[in-house]
Amino acid sequence: VARVGVEGGYADEATLGRFLVGRTRCASIIWKKLHNIIYMSPNAMIKVLRIDYVLTLAAAGLLAAAFELGWLPSGFVEATPETLYTANLFSIVTALGGTYLALRLMAFGKVKRIVAESEKAYCKFLALRQLIIGVAIYANLFLYYALLSPDNTAMYCLLITLVAHCFCWPAAQASSDK
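Residues numbered from 1 in each chain as written. Predicted model: local features only at pLDDT ≥ 70, side-chain atom pairs only at ≥ 80, totals over all residues. Heavy atoms only, no water.

A word on the overall build of the protein chain
How we decide: A helix here means a DSSP run of H or I that spans at least four residues, while a strand means a run of E at least two residues long, and both kinds are numbered starting from the N terminus. Only protein chains enter the accessibility calculation, which uses a 1.4 Å probe; a residue whose area is less than 20% of its type maximum is buried, one above 50% is exposed, and one in between is partly exposed. For this analysis, residues touch if any pair of their heavy atoms sits within 4.5 Å.
Of regular secondary structure, the protein chain possesses 7 helices and 0 strands. Counted from the first residue to the last, the protein chain has its helices and strands arranged as α-α-α-α-α-α-α. Evaluated residue by residue, the protein chain yields a buried proportion of 31% over its 178 residues. Sequence separation of 24 or more characterises 69% of the internal contacts of the protein chain that already satisfy a separation of 6 or more.

As structure tokens, this is what we get:
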């Protein structure tokens, strides 16, 4: 194993990373928070995911309000035919692909097997589902306000992802004893 680092020779990059994180107060606080989130109980993780669910919608609403009120610039990308085609294609792929993947994630065979074994795995897949739908929401929101194109494809895709988000409420895992 190659030794990396300057003070004391660290066995690998992970050890060096832990050393560097421990050197700064802010990074140390962030590292502890991440550690607590990763190792929290499934019930606590569900509560955090529910807060994230609400904050995703609230942040999207605030971002849209900032664009509408003129606090953030809108229409800052020139709407050439090539740009519109690329943006519309990206918007449709993120909306439909993200929606399908987020809504069907727990129904995939391999995911079902993994989730059946562990409640923590269930929570991790819930978090992944929220990440997928969140990326689709923010991508379409950004594209809509960046282009403000007359065909409104990004707006309709944004509406699709927002409706899909309603079906992604993080619920506790149903017991398999039934």
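Next comes the rest of the account.
Section: the nonpolar core
Generally speaking, nonpolar side chains in soluble globular proteins are found buried as a group. Defined as follows: We define the nonpolar core as a collection of buried residues of types Ala, Val, Leu, Ile, Met, Phe, Trp, Tyr and Cys that are connected through side-chain atoms lying within 4.5 Å of one another.
Of all hydrophobic cores here, the largest spans 13 residues; its most connected members are Leu141 and Tyr145. Mapped by element, the contributors of at least two residues to this core are helix H3 (42-68), helix H4 (81-104), helix H6 (119-147) and helix H7 (153-166). Considering each element in turn, this core owes the most residues, 6 residues, to H6. Among all residues touching Tyr145, those that are not within four sequence positions of it are Ala64, Phe67, Glu68, Ser74, Gly75 and Phe76. If you look at the next biggest cluster of nonpolar residues, it comprises 11 residues, including Leu49, Leu105, Cys123 and Leu126.

What to know about the packing of aromatic side chains
Threshold: Two aromatic rings from Phe, Tyr or Trp, using only the six-membered ring of Trp, form a pair when their centres are within 6.5 Å; if the ring planes differ by under 30 degrees the pair is stacked, by over 60 it is edge-to-face, and anything between is tilted.
According to the stated counting rule, one finds 4 aromatic pairs in the structure shown. With a centroid separation of 5.0 Å and an interplanar angle of 90°, the aromatic rings of Tyr53 and Trp169 are classed as edge-to-face. With Tyr53 in helix H3 and Trp169 in the segment after H7, this pair connects stretches of sequence that are 116 residues apart. The class of Tyr53 is buried, set by a relative accessible area of 9%. Centroid distance Tyr144 to Tyr145: 4.8 Å. Interplanar angle 75°. Geometry classified as edge-to-face. Grouping residues by exposure puts Tyr144 and Tyr145 together as buried. An aromatic cluster is defined as three or more aromatic residues linked by ring pairs; in this entry it consists of Phe67, Tyr144 and Tyr145.

Focus: the environment of Ala60
Mapped onto the secondary structure, Ala60 falls in helix H3. Look at Ala60 and you get buried, because its relative accessible area is 8%. If sequence neighbours within four positions are ignored, Ala60 has contacts with Ile137, Tyr138 and Leu141.

A few points about the environment of Phe142
Topologically, Phe142 is positioned in helix H6. Put simply, Phe142 and Ser74 are 68 residues apart on the chain and 9.2 Å apart in space, counted from C-alpha to C-alpha.

Some remarks on empty space enclosed by the protein
Convention followed: The distinction between a cavity and a pocket rests on a 1 Å grid over the protein atoms alone: a 1.4 Å probe fits inside a cavity but cannot get out, while a pocket stays open yet meets protein on both sides within 12 Å along at least five of seven lines, and a residue with an atom within 4 Å of a point counts as lining. Grid points are joined across faces, edges and corners, and a volume is the space filled by probe spheres set on the points. The nonpolar class holds Ala, Val, Leu, Ile, Met, Phe, Trp, Tyr, Cys and Pro. Asp, Glu, Lys and Arg form the charged class, and all remaining residues, Gly among them, are polar.
The final tally for this structure, using the stated rule, is 1 cavity of 30 Å³ or more. There is about 40 Å³ of room inside the largest cavity. Every residue lining the largest cavity is listed: Ala87, Asn88, Leu143, Tyr144, Leu147, Leu148, Ser149 and Ala154. Contributing elements (two or more residues each) for the lining of the largest cavity: H4 and H6. For the lining of the largest cavity, the leading source of residues is H6, giving 3 residues. Looking at the lining of the largest cavity residue by residue, the classes come out as 6 nonpolar, 2 polar and no charged.

Things to note about the packing of H4 against H7
For clarity, the threshold we go by: For every element, the axis is a line fit to its C-alpha atoms; helices are fit only across the contacting stretch, and the angle between N-to-C directions ranges from 0 to 180 degrees. Convention used here: angles under 35 degrees read as roughly parallel, angles over 145 as roughly antiparallel, angles from 65 to 115 as roughly perpendicular, and any remaining angle as oblique.
For the pair H4 and H7, interaxial distance at closest approach is 9 Å and the crossing angle is 10°. Regarding the angle of H4 to H7, the classification is roughly parallel. Contacts between H4 and H7 involve Asn88, Ser91, Ile92, Ala95, Leu96, Thr99 and Leu103 from the former and Thr153, Ala154, Cys157, Ile160, Thr161 and Ala164 from the latter.

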